[in-house]
Amino acid sequence: MTKVIGVRFRRAGKIYFFAPGKYKVRTGDKVIVETARGVEFGSVVTGPKEVEDEKIMQPLKQVIRIATADDVRREEKNREKEKEAFGICLEKIRKHGLEMKLIDAEYTFDNNKVLFYFTADGRIDFRELVKDLASVFRTRIELRQIGVRDETKIRGGIGICGRELCCHTYLSEFAPVSIKMAKEQNLSLNPSKISGVCGRLMCCLTNEEQIYEELNRHLPSAGDHVTTPEGLKGDVQAVNILRQMVKVVVALDNDEKEIREYKASELKFKPRRRKKDMKISKEEMAELKNLEEKNGASKLDDE
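Residue numbers restart at each chain and count upward from 1, following the sequence in its written direction. Reporting in this predicted model follows two pLDDT cut-offs: at least 70 for local features of residues, and 80 or more for side-chain atom pairs to be given and counted; totals over whole chains, interfaces and linings ignore these cut-offs and use all residues. Heavy atoms throughout the structure, all of them, feed into the side-chain values; hydrogens and water do not.

Novice: Teacher, can you tell me more about the overall build of the protein here?
Specialist: A run of H or I in DSSP becomes a helix once it reaches four residues, and a run of E becomes a strand once it reaches two; helices and strands are each numbered from the N terminus. Secondary structure summary: the protein contains 8 helices and 12 strands in total. Relative to a compact globule of 303 residues, whose C-alpha radius of gyration would be 19 Å, the protein shows 27 Å and is clearly more extended. C-alpha atoms of the protein, sized along the principal axes, occupy 90 × 50 × 30 Å. Any residue under 20% of the maximum accessible area for its type is buried, any over 50% is exposed, and the rest in between are partly exposed; the area is computed with a 1.4 Å probe on protein chains only. For the protein, the residues scored as buried account for 41% of the 303 residues in total. Considering only contacts in the protein between residues 6 or more positions apart, those separated by 24 or more positions represent 60%. Using the Shrake-Rupley algorithm and a 1.4 Å probe, accessible areas are obtained, with residue cover drawn only from the displayed protein chains. Entry remark: accessible area of the protein is about 18400 Å², with carbon and sulfur atoms responsible for 50%. Taking the average place of the 58 positive charges on the side chains of the protein and the average place of its 51 negative ones, the gap between the two points comes to 2 Å. We compute the radius of gyration from the C-alpha atoms alone; for a globule the expected value is 2.2 Å times N to the 0.38, where N is the number of residues. Contacts are assigned to residue pairs with any non-hydrogen atoms lying within 4.5 Å of each other. Counting rule for charge: Lys and Arg are taken as positive, Asp and Glu as negative, and neither His nor the chain ends is counted. By convention, the point assigned to a charge is CZ for Arg, NZ for Lys, CD for Glu and CG for Asp.

Shown next, in the form of structure tokens:
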């Protein structure tokens, strides 16, 4: 076991482990640490705790120091310089006629590097742009192409639920999201209903996936044959997953049919089969598949 603290370098960013060393570090403190990018200014989000050695990426670096008032002022000055750098980079992109969308500019704490994050439809040859920027800033330049989910994480916004986007407020890493999750939760497969601000499947589909899988195990599917507590045979018309209620079309003795609602636990039916795919066209399925994120892990993190 090793004693570590957790540090973030951006809002809702990935948490990195560092050894507190001789410093008494608490949650909320600002610290100066060395990362793969250079010397950085970060916020402590998890106080000292013991972590298993195999969960730590070696070599584990120590905190250089707890941030001083001068360090805080320098960090604030860097934030102002980033705004200026963003404007200069935009101008240079237009000058070189590159089809890329600039998203953010970021200085490392020691000003050893300036990072520019951008999106583009394909690969961009930005070698001349880098040379041009290096002649202006007189430091190392890195242009990093990111995906639409990373873009939304940086910019933020309001989701269809009326709250700030999860990725911008607390999600430190993106979890894989699939069309199967939307089907499991019995959601409309209308792309506008299940996609987020980024145009990809909503991250919150993963939040309740586990409970929906468990609830669905105890339910029949629409169209299944069931036996009611009265001994009547019927076909499932609809199910309410959260309430665990089932609407059944039952056949009465006078050859009439009636819709009745029962608790799932009251019905007899065969174990839940694998849900059949909904009837949608190839074009609609292709559009839905485009909502799945294929860019992999976030490009904002430095491993």
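Novice: Whenever I open this one, the environment of Gly47 confuses me. Can you help?
Specialist: Inspection of the secondary structure puts Gly47 in strand S4 (residues 38–51). For Gly47, a relative accessible area of 18% corresponds to the buried category. Apart from the residues lying within four places of it in its own chain, the contact partners of Gly47 are Val4, Ile5 and Thr27.

Novice: Can you walk me through the pattern of salt bridges in this structure?
Specialist: Working definition: two side chains of opposite charge can pair if their charged atoms are close together. The rule for a salt bridge is simple: a side-chain nitrogen of Lys or Arg has to be within 4 Å of a carboxyl oxygen of Asp or Glu. Taken as a whole, this structure holds 23 salt bridges when the rule is applied. Across the pair Glu142 and Arg144 runs a salt bridge whose closest N-O atoms are separated by 2.7 Å. Beyond isolated ion pairs, a larger network of salt bridges with shared partners links Arg10, Arg37, Glu40 and Glu106.

Novice: Can you help me understand the sheet that holds strand S10 (residues 233–240) in this one?
Specialist: Pairing between the strands of a sheet comes from backbone hydrogen bonds, and it takes one of two forms, parallel or antiparallel. Read from one edge to the other, the open sheet built from 4 strands follows the order S9-S10-S11-S12, with strand pairing classed as antiparallel. Only two strands of the sheet have a single partner each, and these edge strands are strand S9 (225–227) and strand S12 (257–263). Geometrically, the sheet is characterised by an average inter-axis angle of 45° between neighbouring strands, direction not taken into account. Note that strand S11 (residues 245–251) and S12 share 7 bridges and pair antiparallel. Following the sheet pairing, Lys247 is matched in S12 by Glu261. Pairing between two strands requires that DSSP report at least two bridges joining them. Axes here mean lines fitted to C-alpha atoms, for a helix over just the part in contact, with angles spanning 0 to 180 degrees between N-to-C directions.

Novice: Before we go on, may I ask you to explain the pairing of strand S6 (residues 101–107) in this structure?
Specialist: Side-chain direction in a regular strand flips from residue to residue, so the side chains alternate between the two faces of the sheet. With 5 of 7 residues buried, S6 is to be regarded as a mostly interior element. As judged from the 6 bridges shared by S6 and strand S7 (residues 113–119), these two strands associate in the antiparallel manner. Its bridge partner being in S7, Lys101 is matched across the sheet by Thr119. Counting the residues between successive antiparallel strands, the hairpin from S6 to S7 contains 5 residues, one of them, Asn111, with a positive phi of roughly 60°.

Novice: Just to check I follow, could you spell out the sheet that holds strand S2 (residues 16–18) for this structure?
Specialist: The 5 strands are arranged S2-S1-S4-S3-S5 in an open sheet whose pairing can be described as antiparallel. Lying at the two open borders of the sheet, with one neighbouring strand each, are S2 and strand S5 (65–66). Of the strands in this sheet, strand S3 (30–35), S4 and S5 touch helix H1 (residues 69–96), which is tilted by about 120° from S4.

Novice: What is the right way to look at the nonpolar core in this model?
Specialist: The nonpolar side chains of soluble globular proteins are, as a tendency, buried together. Of all hydrophobic cores here, the largest spans 17 residues; its most connected members are Met100, Phe116, Leu133 and Leu143. Counting residues per element, the ones that place at least two in this core are H1, S6, S7, helix H2 (127–137) and strand S8 (140–145). When near neighbours in sequence (up to four residues on either side) are disregarded, Met100 contacts Ile93, Phe118, Thr119, Ala120, Ile124, Leu129 and Leu143. Remark: nonpolar core denotes a set of buried residues (Ala, Val, Leu, Ile, Met, Phe, Trp, Tyr, Cys) joined through side-chain atoms within 4.5 Å. In terms of nonpolar packing, the next biggest core, distinct from the first, is built from 13 residues, Tyr212, Val246, Val248 and Leu267 among them.

Novice: How do you make sense of H1 when you look at a structure like this?
Specialist: Helical periodicity: at 3.6 residues per turn, an α-helix aligns residues three or four positions apart in one direction. Here, expected helix span is obtained from the residue count minus one, scaled by 1.5 Å. Relative to the 40 Å expected for 28 residues at 1.5 Å per residue, H1 spans 41 Å between its end C-alpha atoms, a close match to the ideal helical length. Those residues of H1 not exposed but buried are Asp71, Glu75, Asn78, Glu82, Ala85, Cys89, Lys92 and Ile93. Those residues of H1 hidden inside the fold are in contact with S3, S4, S5, S6, S7 and H2. Positive backbone phi, at 65°, marks Gly97, one or two positions downstream of H1.

Novice: Honestly, the side chain of Asn216 in this entry has me stumped. Any pointers?
Specialist: Take Asn216: it is sitting in helix H7 (residues 209–216). Counting of polar contacts relies on pairs of N or O atoms within 3.5 Å, with two restrictions inside protein: one atom must be capable of donating a hydrogen and the other of accepting it, and residues adjacent in sequence are counted only when both atoms are side-chain atoms. Of the polar contacts made by the side chain of Asn216, one reaches the backbone oxygen of Glu184; its length is 2.8 Å.

Novice: How should I be thinking about H7 in this particular structure?
Specialist: Residues Glu209, Tyr212, Leu215 and Asn216 constitute the buried set of H7. Summarising the axial view, the buried residues of H7 lie within an arc of 125°, below the 170-degree limit, and thus occupy one face. The arc in question is traced by the directions running from the helix axis to the C-beta atoms.

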